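Structural overview
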Amino acid sequence: MKKVSVLSVFLTLPLIFFPYLLIVAHASIFLSTKVSFIEYFYEKVLKNNGLLMLPILLVLLLLVAFCLTLFTLICAKRRVSAHSVTKTMLWVKIAMLPGYILNLLAALVMFITIFTIPFSFIIAFFDGLLLIVSFIPMIYALVTAAKQKQLRIAEALTYAVLQFVPLAEWISDGVLCGVLKKRSRKASASQSTEVSEPVAVPEPETAPEPAPEPAPEPAPEPDLDAEAVPTPAQTEE
């Protein structure tokens, strides 16, 4: 099984940047009257309507889903190992973890006052969609691990459920990465042991030797002592 290529890793960058973009989008609502370029964006693009930010974020989230789907298809075509995909997604989620935590804290703060409660639901909505989208590559990893007998069906389903639990998916991905690494090494070690063991080759059965052919009888030697046959000339004499 191969490892994730460097070029395909670039397809995961939109997933890393999306939580931070979500923070900027919500912060810009409160900074629209204090920062000039944000004020210009709200007046010219959003027409002073912050709700128009929602379709823009949805389109960007669809772009993230498209990139992750393409990443998964490339891994499936190259037959990348489940451990390599899980390890890549673990590092991606670690990179986006600070943004995810900041979004969670922002949602909790906005839930305090009645005027900012809708923003809390918006953040929770996009965070939930982000969990679903980030699960796309893990479908390939879990299915591949189950097919290769590195995970039992019950284990694969447990890890799949944990992918949708906020903050628990980071822990489950770390545990899954360690489990797949250990079991893949064990499987490769057992295969190398089987190859290194000498295989007894049965000796070919010796065919019975053919019976020796009898020696040909020698031709009779001419009798030199026998009387010569008289010729016609000798008879006339």
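Now for a description of the structure that goes with this document. Owing to the predicted nature of the structure, the values given are computational and were not obtained by experimental measurement. (Residues numbered from 1 in each chain as written. Predicted model: local features only at pLDDT ≥ 70, side-chain atom pairs only at ≥ 80, totals over all residues. Heavy atoms only, no water.)

What to know about the pattern of salt bridges
- Using the criterion set out here, one finds four salt bridges in the structure.
- In this structure, Lys93 engages Asp173 in a salt bridge whose closest nitrogen and oxygen atoms are separated by 2.8 Å. One end of the pair, Lys93, is in helix α5 (residues 82-110); the other, Asp173, is in helix α9 (residues 168-196), and 80 residues separate them in sequence. As far as burial versus exposure is concerned, Lys93 and Asp173 are alike and both buried.
- The closest approach of N and O atoms between Arg183 and Glu155, which form a salt bridge, is 3.0 Å. Taken together, the positions of Arg183 in helix α9 and Glu155 in helix α8 (residues 153-162) put the pair 28 residues apart, joining distant regions of the chain.
- For Arg183, a relative accessible area of 30% translates into the label partly exposed.
- Because the salt bridges share partners, they merge into one network encompassing Lys93, Glu169 and Asp173. (Salt bridge = Lys/Arg side-chain N within 4 Å of Asp/Glu carboxyl O. Helix = DSSP H or I, 4+ residues; strand = E, 2+ residues; numbered from the N terminus. Buried < 20%, exposed > 50% of the residue type's maximum accessible area, 1.4 Å probe, protein only.)

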